[in-house]
Amino acid sequence: MKSFLRGREVVALVFIFNVSLNESYQLTGLQVCSLCGGTVQNDTDVGQFCSRSAGRIDRRCCLSNDNTSDPERIIGLDLSNCSLTQVEGLPGASKVFMVDLSLNPIVNISERVFLGFLDLNYLILPQDLVCPGGNVSWQKVEVTQGKRFCEGQKNMCNQTGQMSMSCPENSRCDPYGPGLFECICAENYHGYKCLRQGEFPAVKVFGPLAASMVVMSFLLWVSQRRKAKSL
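*Asks:* Quick question: what am I supposed to make of the packing of aromatic side chains here?
*Replies:* The description of two aromatic rings rests on the distance between their centres and on the angle between their planes. Applying the stated criterion to the full structure yields 2 aromatic pairs. The interplanar angle of 85 degrees and the centroid separation of 5.7 Å between the aromatic rings of Phe-114 and Phe-117 together place this pair among those described as edge-to-face. Residue Phe-117 is classed as buried on the basis of its relative accessible area, which comes to 3%.

Structure representation (structure tokens):
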């Protein structure tokens, strides 16, 4: 009976941990909406996009109203006129369609800020900044009213999406954001430049790591129990 109860307690603790982790992730993701005070205005580019997309405004974000998938999905982000001097990252916004960073004294912005932003199709920057990946990475680039509009992110892999001259043999090219791509090993290939053939030896690679983590956790648990008894 005691072992059964302990099993139920472990399951409950794991469930609570997962729920807490999920809530923490959502809060972290939505922190980007508070990088600037105020809220999205209806007459702005993001505001009009949000209205057309039937989204809902939350501070500086436009969230998807699709409750069947991800109710906290950010589809629009308006950080214009926020006195931002630099942008180091946009956590939780990798699925966004539109980002407005105009009217900010930003001197430079790294392409890595938009790493993994596959759905980004509209980016508005201060006019002196270059679209990430350069003009070649966008269908249309226009400068007007002190803003640079980067529209229609291009797929940096070739038209077939299978192979790229920049990727090694036995790999395929996958887009990974504006002007970015990654090389994924083909099936049954792995390792450096995808030169190793056969299944990835997950047990050999992760087995010792998992064992060491179990040992360290056990030692930590023992040391904590000793401290608790001494008190």
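More follows now that the structure is in view.
*Asks:* Help me out: how do you make sense of the state of the cysteines in this one?
*Replies:* In total, this model carries 7 disulfides according to the counting rule given. In this model Cys-50 forms its disulfide with Cys-62; the gap between the sulfur atoms is 2.1 Å. Sign of the S-S torsion, about 85 degrees for the bond between Cys-50 and Cys-62, identifies this disulfide as right-handed. In this pair, Cys-50 sits in helix H2 (residues 45-52) while Cys-62 sits in strand E2 (residues 61-63), placing the two residues 12 residues apart along the sequence. Classification of Cys-62 as buried rests on a relative accessible area of 0%. Paired by a disulfide, Cys-185 and Cys-194 hold their sulfur atoms 2.0 Å apart. Of note, the bridge from Cys-185 to Cys-194 carries an S-S torsion of about -90 degrees and is left-handed in sense. Look at Cys-194 and you get buried, because its relative accessible area is 5%.

Criteria and cut-off values
Residues numbered from 1 in each chain as written. Predicted model: local features only at pLDDT ≥ 70, side-chain atom pairs only at ≥ 80, totals over all residues. Heavy atoms only, no water. Phe/Tyr/Trp six-rings, centres within 6.5 Å; stacked < 30°, edge-to-face > 60°. Buried < 20%, exposed > 50% of the residue type's maximum accessible area, 1.4 Å probe, protein only. Disulfide = S-S within 2.5 Å. Helix = DSSP H or I, 4+ residues; strand = E, 2+ residues; numbered from the N terminus.

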